[in-house]
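# Breakdown of the fold
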Amino acid sequence: MTLGVLGGGAWGTALAQVTARASAPVRLWAREAAVVDSINAARENALFLPGIALSPDIEATGDLGAMAGCEALLVAVPAQHVRGVLAALPESAVPLILCAKGIEAGTRLLVGEIAAAVQPRAPLAILSGPTFAHEVAGGKPTAITLASTDATLARRLAARLATPSFRPYLSSDVVGAEIGGAVKNVLAIACGVVDGAGLGQNARAALIARGFAEMTRFGVARGARAETLTGLSGLGDLVLTCSSVASRNYALGMELGRGRAAADILAGRLSIAEGAFTAPVLDEAARGMGVEMPVVAAVCALLAGDPVSAVIGALLARPIGAEFG
């Protein structure tokens, strides 16, 4: 199976490295000409994944038409750009492995729902879990969820992607796999705020636990299975991104916690912190469904410019209630 990767950021490049490592050539489409030139000429994505020597089996291109011969495509463009990229492809039955994590602004659609609308003939799978791109590209051990309602397709894709250091676990719960990846980005911002504001490790642990409760409530309300959210694409990804400055979302939260304005932080960034775009959409969706997500609402307030002390104070002043139920 010849695979292609859509997206030349750090994650797309890491996925291309994984597929090449599994002993087959891979084609990678990138919007940025500098990325295409860097990969083909220097075997490195100097813009988004510097310092990682890339396989000679990765061929980069800036032409979407060049992806036509691929038997499956890994879609690793940012969530807010998935619709535009997929719409630019000819409609086909080529399987799409969706690797972006987020909810589309305006429509409140998950990435899989966007893909189903834009490419209705394409079989779909979701790839999500605790994955820092530089570790995946460097060959460090990684486990990840591969979710699809088509069990045969999932097994074929898993066999193609698996290496001794990259282990997919199969699931049929595509909604659960997507919800975990989208919500954890917002919660990672909140954990970064806790550390940036110097609130301590007790507070960070409590926030992870309460944030996970919010993730589960929202996921179940959207049709996910609760057990999926305890797995790699939910709790696993949450723990990773809530505890390291290697997470773009956590790093954004740290700066917010130190009092910097979101607009100033984001303006100086090359890579996208998906949680900043997902937070207001998630908050809006949760309110519309009657799902209580106070941590997500607090992140939205911070992104909108509310003072850190006021937002934290309001969160801590919430009425005391039962932990469960």
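Everything below is about the structure printed above this text.
Overview of the structure. (Residues numbered from 1 in each chain as written. Predicted model: local features only at pLDDT ≥ 70, side-chain atom pairs only at ≥ 80, totals over all residues. Heavy atoms only, no water.)

What follows deals with the overall build of the protein. On a plain count of helices and strands, the protein comes out with 15 helices and eight strands. For the protein, the C-alpha radius of gyration of 19 Å lies close to 20 Å, the compact-globule estimate for 325 residues. Principal axes of the C-alpha set define a box for the protein whose edges measure 55 × 40 × 35 Å. Counting the 325 residues in the protein, one finds 53% classified as buried. Once local pairs closer than 6 in sequence are excluded, the contacts in the protein between residues at least 24 apart make up 68%. Summed over all atoms, the accessible surface of the protein reaches about 13300 Å², with 57% contributed by carbon and sulfur. Looking at the protein, you have 25 positive and 26 negative side-chain charges, and the mean spots of the two groups are 3 Å apart. (Helix = DSSP H or I, 4+ residues; strand = E, 2+ residues; numbered from the N terminus. Rg over C-alpha atoms; globule rule 2.2 N^0.38 Å. Buried < 20%, exposed > 50% of the residue type's maximum accessible area, 1.4 Å probe, protein only. Contact = heavy atoms within 4.5 Å. Areas by Shrake-Rupley, 256 points an atom, 1.4 Å probe, with all protein chains shown as cover. Lys, Arg positive; Asp, Glu negative; His and termini not counted. Charge placed at Lys NZ, Arg CZ, Asp CG, Glu CD.)

Along the chain, the position of R204 falls in helix α8 (residues 201-221). A polar contact of 3.2 Å, which involves the side chain of R204, links it to the side chain of D195. Not counting chain neighbours up to four residues away, the residues in contact with R204 comprise C191, V194, D195, C242 and S243. (Polar contact = N/O pair within 3.5 Å; in protein donor to acceptor, adjacent residues only side chain to side chain.)

Another point: unusual backbone geometry. Residues apart from glycine generally show negative phi values, whereas peptide bonds are mostly found in trans. Of note, R43 is a non-glycine position whose phi angle comes to about 55°, a positive value. Along the polypeptide, R43 turns up in the loop between α2 (33-42) and β3 (58-61). By relative accessible area, which is 21% here, R43 ends up partly exposed. Of note, the phi angle at R108 is positive, near 65°, even though the residue is not glycine. Here R108 shows up in the loop between β5 (96-98) and α4 (111-118).

What follows concerns the pattern of salt bridges. Evaluation of the coordinates by the stated rule reveals twelve salt bridges. The closest approach of N and O atoms between D195 and R204, which form a salt bridge, is 3.2 Å. Among the salt bridges present, the one from R258 reaches E255, with a minimum N-O distance of 2.9 Å. Taken together, the shared-partner salt bridges in this structure form one network comprising K101, K184 and D237. (Salt bridge = Lys/Arg side-chain N within 4 Å of Asp/Glu carboxyl O.)

Structurally, T230 is set in the loop between α9 (226-229) and α10 (232-241). Along the backbone, T230 and A190 are 40 residues apart, and their C-alpha atoms lie at a distance of 20 Å. Every residue in contact with T230, bar those within four places of it in the chain, is listed here: F212 and L235. Of note is the side chain of T230, whose polar atom sits 2.6 Å from the backbone oxygen of E227.

This brings us to the side chain of S165. Topologically, S165 is positioned in the loop between α6 (151-161) and β8 (166-171). Of note is the side chain of S165, whose polar atom sits 3.4 Å from the backbone oxygen of G139. Not counting the four nearest positions on each side in its chain, S165 is found in contact with R21, G139, K140, P141 and T142.

The two faces of a sheet get side chains in turn, since along a regular strand they alternate between them. With respect to burial, strand β6 (residues 124-128) is a largely interior element, four of its five residues being buried. What joins β5 to β6 is α4, and the crossover it makes is right-handed. For β6 and strand β7 (residues 142-147), the ladder comprises three bridges, and the chain directions are antiparallel. Among the inter-strand pairings, I126 is bridged to a residue of β7, identified as A147. (Right-handed = clockwise from strand over helix to strand, strands pointing away. Pairing = 2+ DSSP bridges.)

Next up on the list: the sheet that holds strand β4 (residues 72-75). In a beta sheet, neighbouring strands pair by backbone hydrogen bonds and run either parallel or antiparallel. Strand order in the open sheet made by the eight strands is β3-β2-β1-β4-β5-β6-β7-β8, with mixed pairing throughout. The open sheet has two edge strands, β3 and β8, and neither has a second partner. When the angles between neighbouring strand axes are averaged without regard to direction, this sheet yields 25°. Strand direction decides the pairing type here: strand β1 (residues 3-6) and strand β2 (residues 26-29), joined by four bridges, are parallel. The residue of β2 that forms the bridge with V5 is L28. In this fold helix α1 (residues 10-21) packs onto β1, β2, β3, β4, β6, β7 and β8, with an angle of close to 170° to the strand it touches most, β2. This element, α4, spans β5 and β6 of the sheet and lies at about 155° to β5. (Axes fitted to C-alpha atoms, helices over the stretch in contact; angles between N-to-C directions.)

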